[in-house]
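Okay, here's what each chain looks like letter by letter:
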Amino acid sequence: MKYTGGKGRIARELAGVILSYQQDHDLYVEPFLGSAAVAEQVVPHFGRAVLGDVMPDLVLMGQALQEGWAPPTSVSEELYQYMKTCTRPS
């Protein structure tokens, strides 16, 4: 998933910096998960990981993935436009 401000282009470089400064590879905490580009590079080097974000839509998607939801491999323009107008459950 690409979006303005994404870390995907520099994920490997960021991962290298994180791993070079990290002494204990037991727990990795990522407060700015976004598209998970950096986490994808870093998490395999740690025993445990806590991944989070403050964007409600990303949090809901992560929860759905944990519960077994499989995202579609393609989305029509009509469905995309519809989903942009959906509101979050209360």
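Residues numbered from 1 in each chain as written. Predicted model: local features only at pLDDT ≥ 70, side-chain atom pairs only at ≥ 80, totals over all residues. Heavy atoms only, no water.

Considering the overall build of the chain
In terms of regular secondary structure, the chain is built from 4 helices and 2 strands. Reading the secondary structure of the chain in the N-to-C direction produces α-β-α-β-α-α. What you see for the chain is a C-alpha radius of gyration of 15 Å, clearly larger than the 12 Å of a compact globule of 90 residues, by over 25%. For the chain, with 90 residues in total, the buried portion stands at 12%. If you take every contact in the chain between residues at least 6 apart in sequence, the share linking residues at least 24 apart comes to 36%. Carbon and sulfur atoms make up 57% of the accessible area of the chain, which amounts to about 7,400 Å² in all. (Helix = DSSP H or I, 4+ residues; strand = E, 2+ residues; numbered from the N terminus. Rg over C-alpha atoms; globule rule 2.2 N^0.38 Å. Buried < 20%, exposed > 50% of the residue type's maximum accessible area, 1.4 Å probe, protein only. Contact = heavy atoms within 4.5 Å. Areas by Shrake-Rupley, 256 points an atom, 1.4 Å probe, with all protein chains shown as cover.)

Comments concerning the pattern of salt bridges
Scanning all chains against the criterion turns up 1 salt bridge. For Asp26, the salt bridge is made with Arg48, and the minimal N-O distance between the two is 3.4 Å. Note that Asp26 is positioned in the loop between α1 (11-21) and β1 (27-30) and Arg48 in strand β2 (residues 48-51), a separation of 22 residues in sequence. Relative accessible area serves as the criterion here: at 37%, Asp26 is assigned to the partly exposed category. Overall, the relative accessible area of 48% leaves Arg48 in the partly exposed class. (Salt bridge = Lys/Arg side-chain N within 4 Å of Asp/Glu carboxyl O.)

Points about the environment of Met55
With respect to the helices and strands, the residue Met55 is situated in the loop between β2 and α3 (56-66). With a relative accessible area of 45%, Met55 lands in the partly exposed category. Taking the C-alpha atoms as reference points, Met55 and Ala15, separated by 40 residues in sequence, lie 22 Å from one another.

Digging into unusual backbone geometry
Located in the positive-phi region is Ala36, a residue other than glycine, with phi close to 70°. Within the secondary structure, Ala36 is located in the loop between β1 and α2 (37-42). Ala36 gets classed as partly exposed once you look at its relative accessible area, which sits at 24%.

What about the confidence of the model for the chain?
Per-residue pLDDT for the chain has a mean of 86; in total, 90% of the residues score no lower than 70. Taking the mean pLDDT of every element in the chain, the minimum, 85, falls on α3 and the maximum, 93, on α2. (pLDDT = per-residue confidence, 0-100.)

A word on the nonpolar core
One finds Ala11, Ala15, Tyr28, Ala37, Val38, Val42 and Phe46 forming the largest nonpolar core, which totals 7 residues. Looking at this core, the elements that each hand over two or more residues are α1 and α2. If you tally residues by element for this core, the top one is α2, at 3 residues. Once residues within four sequence positions are removed from consideration, Ala37 is found in contact with Lys7, Gly8 and Ala11. (Core = buried A, V, L, I, M, F, W, Y, C linked by side-chain atoms within 4.5 Å.)

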